[in-house]
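Listed here are the chains, written in short residue letters.
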Amino acid sequence: EAGVTQFPSHSVIEKGQTVTLRCDPISGHDNLYWYRRVMGKEIKFLLHFVKESKQDESGMPNNRFLAERTGGTYSTLKVQPAELEDSGVYFCASSQGLNYGYTFGSGTRLTVV
Amino acid sequence: KNEVEQSPQNLTAQEGEFITINCSYSVGISALHWLQQHPGGGIVSLFMLSSGKKKHGRLIATINIQEKHSSLHITASHPRDSAVYICAVRLHAGNQFYFGTGTSLTVIP
């Protein structure tokens, strides 16, 4: 079984540019989560999809962040325009449901310069 | 204040030592996860606990719901165990996780 796949693994962009991160969950996992870890801090929740619907987006920091999951398969997280404080590692996780384990992707390391 | 506190933040051990990493949380939870992150790598889920104790190889995880505390033990530690170990809890309400800041473990040969 393929795991959760994220790409790119690394991205370096200039302030003001746009970056799109992608997450491919495990096939059949309806629940998909985005998290991020900024330097020196704990991992923080961004949002949760159930299939194509946003179940909880309370962790999204501001309207520069846009997440989509069209068709309920892969998800994208777009940052536009990127700011320096957006630098960090963005993780995606998927799960079959609340009582099941979660599988994390390897993360995308975003550096905004 | 973070809902999840881990200790120690950094830990250096000699190969073969018994290691304990602690996690305390301040909210009611439905599940607790121990995660492992290797340098430059992704996150691997080691255990999901809602009560009692689980063992996998040299790793043992325990949780005391009443005391809101969990421990991760590594027996006969090895340099390949060097990683950041993260405690994450899922609240009774909602689906999201709250994460500790992690414990950076270095096992020296």
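Residues numbered from 1 in each chain as written. Chains lettered and ligands numbered in written order. Predicted model: local features only at pLDDT ≥ 70, side-chain atom pairs only at ≥ 80, totals over all residues. Heavy atoms only, no water.

1. Some points on unusual backbone geometry
Consideration 1: Note the cis peptide between Gln-80 of chain A and Pro-81 of chain A, where omega equals -10°.
Consideration 2: Mapping Pro-81 of chain A onto the fold places it in the loop between strand 8 (75-79) and strand 9 (88-95).
Consideration 3: Note the cis peptide between Ser-7 of chain B and Pro-8 of chain B, where omega equals -10°.
Consideration 4: Tracing the backbone through its elements, the reader meets Pro-8 of chain B in the loop between strand 1 (4-7) and strand 2 (10-14).
Consideration 5: Backbone geometry places Lys-68 of chain B, a non-glycine residue, at a positive phi of 55°.
Consideration 6: Looking at where Lys-68 of chain B falls in the secondary structure, it is placed in the loop between strand 7 (59-64) and strand 8 (69-74).
Consideration 7: According to the relative accessible area criterion, Lys-68 of chain B is partly exposed, its value standing at 30%.
Consideration 8: Backbone geometry at Ala-76 of chain B places phi at a positive 45°, although glycine is not the residue there. (Helix = DSSP H or I, 4+ residues; strand = E, 2+ residues; numbered from the N terminus. Buried < 20%, exposed > 50% of the residue type's maximum accessible area, 1.4 Å probe, protein only.)

2. Section: the sheet that holds strand 7 of chain B
All names here are of chain B.
Consideration 1: In space, the five strands of this open sheet follow the order 1-3-8-7-6, with antiparallel pairing throughout. Each of the sheet's edge strands pairs with one partner strand only, and the pair in question is strand 1 and strand 6 (52-56). Neighbouring strand axes in the sheet, compared pairwise and without regard to direction, differ in orientation by 15° on average.
Consideration 2: Alignment of strand 6 against strand 7, held across five bridges, turns out to be antiparallel. By the bridge assignment, Gly-52 is partnered in strand 7 with Ile-63. (Pairing = 2+ DSSP bridges. Axes fitted to C-alpha atoms, helices over the stretch in contact; angles between N-to-C directions.)

3. Let's talk about the side chain of Ser-11 of chain A
All names here are of chain A.
Consideration 1: Assignment of secondary structure puts Ser-11 in strand 2 (residues 10-13).
Consideration 2: Overall, the relative accessible area of 11% leaves Ser-11 in the buried class.
Consideration 3: What Ser-11 contacts, discounting residues up to four positions off in sequence, is Val-19, Arg-109, Leu-110 and Thr-111. (Contact = heavy atoms within 4.5 Å.)

4. Concerning the confidence of the model for chain A
Caution applies to low-pLDDT parts of the model: their predicted coordinates are not meant to be read in detail.
Consideration 1: Model confidence for chain A is summarised by a mean pLDDT of 92, while 96% of its residues fall at 70 or above.
Consideration 2: Mean pLDDT values over the elements of chain A span from 86, in strand 10 (residues 103-104) of chain A, up to 98, in strand 8 of chain A. (pLDDT = per-residue confidence, 0-100.)

5. Side note on the pairing of strand 8 of chain B
Looking along a regular strand, one sees side chains alternate from face to face of the sheet.
All names here are of chain B.
Consideration 1: With five of six residues buried, strand 8 lies mostly within the body of the structure.
Consideration 2: Both strand 3 (residues 19-25) and strand 8 contribute to a ladder of six bridges, which runs antiparallel. The residue of strand 8 that forms the bridge with Ser-24 is His-69.
Consideration 3: With six bridges connecting them, strand 7 and strand 8 associate as antiparallel partners. Note that in strand 8 the partner of Ala-61 across the bridge is Leu-72.

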